[in-house]
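Fold and geometry: a report
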Amino acid sequence: MSIEMTRTLEQAWNARLHSGQLERIHESALRLFYGPGEVHPRDPLASWAIDGYGSSLWITEWEGESAPASVEEIRKASEQVYSREGYRGAVVLRRPRQGIPEMPQLLWGEAPPPSFRVVEHADGHVMSFEIQLLEGRHPGLFLDHAPLRRWLCCSGKLAGRRVLNTFAYTGSLSVASWLGGASEVVTLDLSRPTTQWAERNGRMNGIPVERSRYLFGDFFEEVPRLARRGDTFDVVISDPPSFSRGKKRTFSTQKDLVDLHELLFSVLSPGGVLVTSINSANVPWEKYERDVQQAARKLGRKLKLLGRIEQPESFPSHPVNPKSRYLKGFIFQS
Ligand SMILES: C[S@@+](CC[C@H](N)C(=O)[O-])C[C@H]1O[C@@H](n2cnc3c(N)ncnc32)[C@H](O)[C@@H]1O
């Protein structure tokens, strides 16, 4: 095992400790190391990330061009650094450059339970989320959206509002909207299992059945259907993957942001709030904003910028690796 690797992981841990991010770590979730943004692209750890979910680690490798650390090196370094901080085991998922990754494997220590709960604290609010580390290819909670969850919970903009959360995955943004005072939350995703997971997360956080709806379907069919019925919302949230193949069409953030936002505006009440986020290093901020403005103009809507969505402190970006700054978003009133 290389001493440099251990040292890099320790430095990342200490940075989070000193900035106060590691409070209540064994009941919550945090990115503990983000290789693409924390080390030079030629560093062997540049293609690795390590997340803590409760007392288990979730370790990801993105297959890249540089000479990455081997799984065995990661096993030794992560066990040495994190077992003394109270972590009981680690699961690893390797993402190939193309195609679907294999299922995650236990790397060291105790296997986590099939599903367990973590909490996220946001200015006095506590959100609970179900996590699964060995059952699928993602734990079920995107840690980079913690700042957006905080905004939804704590900005006061959602009080008494009807919310539509599209591309919702396991519904973490629906939970945050509910805790932010929303009067009703409609949650839409293409995948049936994740929609059911979103429903469990909703129930765990006290969203009453009569104030929530979980729609399982394609955005490009369901949103026009809502618009045809005149079903509009005070807050509309959109967080699509960079590429998706639905029943009717494919979608990519590089080509289709204008179409996407036209549909979002078609179900946004006058004066409503649009929360739009993408996960695409290759779409510049300027083009993204231009595309949203173009869609707004087509529908005769004016935009007022309320805020930007960016990566949290635990996902730093590296100056020589533009891909490490992938998360972007805007909050507009329109
Ligand atoms: C990046 S994730 C969203 C993460 C989520 N906003 C959160 O914070 O947890 C993208 C989601 O979009 C869903 N999705 C992809 N294509 C879709 C489509 N055409 N219609 C509806 N949902 C889609 C996927 O199933 C996935 O759950």
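Residues numbered from 1 in each chain as written. Predicted model: local features only at pLDDT ≥ 70, side-chain atom pairs only at ≥ 80, totals over all residues. Heavy atoms only, no water.

**Considerations on the overall build of the protein**
Filter applied, for reference: Per the convention used, a helix needs a DSSP run of H or I reaching at least four residues, while a strand needs a run of E reaching at least two, with both numbered from the N terminus. We compute the radius of gyration over the C-alpha atoms and compare it with the globule rule, which gives 2.2 Å times the number of residues raised to the power 0.38. The buried label goes to any residue with under 20% of its type's maximum accessible area, the exposed label to any with over 50%, and the partly exposed label to all in between, with areas taken from a 1.4 Å probe on protein chains only.
Within the protein, the secondary structure is distributed over nine helices and 16 strands. Relative to the compact-globule value of 20 Å for 334 residues, the protein shows a C-alpha radius of gyration of 20 Å, a close match. For the C-alpha atoms alone, the extent of the protein along its principal axes is close to 60 × 40 × 35 Å. Relative to its full complement of 334 residues, the protein shows a buried share of 54%.

**Comments concerning helix α9 (residues 285-298)**
An α-helix turns once every 3.6 residues. As a result, residues three or four positions apart point the same way. The following threshold applies: Expected span of a helix: the number of residues minus one, times 1.5 Å. It is the directions from the helix axis to the C-beta atoms whose arc is reported. Whether two residues are in contact is decided by their heavy atoms, any of which lying within 4.5 Å being enough.
An ideal rise of 1.5 Å per residue puts 20 Å on 14 residues; α9 measures up with 20 Å between its terminal C-alpha atoms. Where α9 is concerned, the buried positions are W285, Y288, D291, V292, A295 and A296. Each buried residue of α9 lies within a common arc of 135° when the element is viewed along its axis, so the set occupies one face. Exposed and oriented more than 90 degrees from the buried face of α9 are E286, R290, R297 and K298. Buried residues along α9 sit in contact with α8 (257-266), β14 (268-279), β15 (304-309) and β16 (327-333). Downstream of α9 by one or two residues, G300 has phi in the positive range, about 65°.

**A look at the sheet that holds strand β1 (residues 29-34)**
Our working definition: The pairing criterion is simple: DSSP has to find at least two bridges between the two strands. Note on geometry: axes are C-alpha line fits, over the in-contact stretch for helices, and angles between N-to-C directions span 0 to 180 degrees.
Judged by pairing direction, the sheet is mixed, and its five strands sit side by side in the order β1-β2-β3-β4-β5 without closing on themselves. Among the strands making up the open sheet, the edge pair consists of β1 and β5 (105-109). Each adjacent strand pair in this sheet contributes to an overall mean axis angle of 25°, direction not counted. Relative to β5, strand β4 (residues 89-95) is paired through four bridges, and the arrangement is antiparallel. Its bridge partner lying in β5, A90 is registered against W108. Docked against the sheet, helix α1 (residues 3-18) engages β1 and β2 (48-53), running at close to 140° with respect to β1.

**Some remarks on the domain arrangement of the protein**
Accessible area lost on assembly of the parts is the figure often given for the size of an interface. We count it as follows: Where each domain starts and ends follows an automatic or database-derived domain assignment. Buried area counts how much accessible surface, traced with a 1.4 Å probe, disappears from two parts once they are put together, with both parts' losses summed. Any carboxyl oxygen of Asp or Glu that lies within 4 Å of a side-chain nitrogen of Lys or Arg is treated as forming a salt bridge with it. For this scheme, ten residues count as nonpolar: Ala, Val, Leu, Ile, Met, Phe, Trp, Tyr, Cys and Pro. Four count as charged, namely Asp, Glu, Lys and Arg, and the remainder, Gly too, count as polar.
Taken domain by domain, the protein holds domain 1 (3-112) and domain 2 (139-333). Once you take the C-alpha centre of each, domain 1 and domain 2 turn out to be 28 Å apart. Across the contact, 16 residues belong to domain 1 and 15 residues belong to domain 2. Contact between domain 1 and domain 2 buries roughly 1,200 Å² in total, counting both sides, with carbon and sulfur atoms accounting for 66%. Connecting domain 1 to domain 2 are zero salt bridges. Mapped onto the side of domain 1 that touches domain 2, the elements with two or more residues apiece are β1, α2 (35-38) and β2. At four residues, the largest contribution of residues to the side of domain 1 that touches domain 2 is made by β1. Residues that form the side of domain 1 that touches domain 2 fall into these classes: eight nonpolar, four polar and four charged.

**Points about the environment of N321**
Mapped onto the elements of the fold, N321 is located in the loop between β15 and β16. When the C-alpha atoms of N321 and P36 are compared, they prove to be 7.0 Å apart, with 285 residues separating the residues in sequence. When residues no more than four places from it in sequence are discounted, the contact partners of N321 are P36 and P41.

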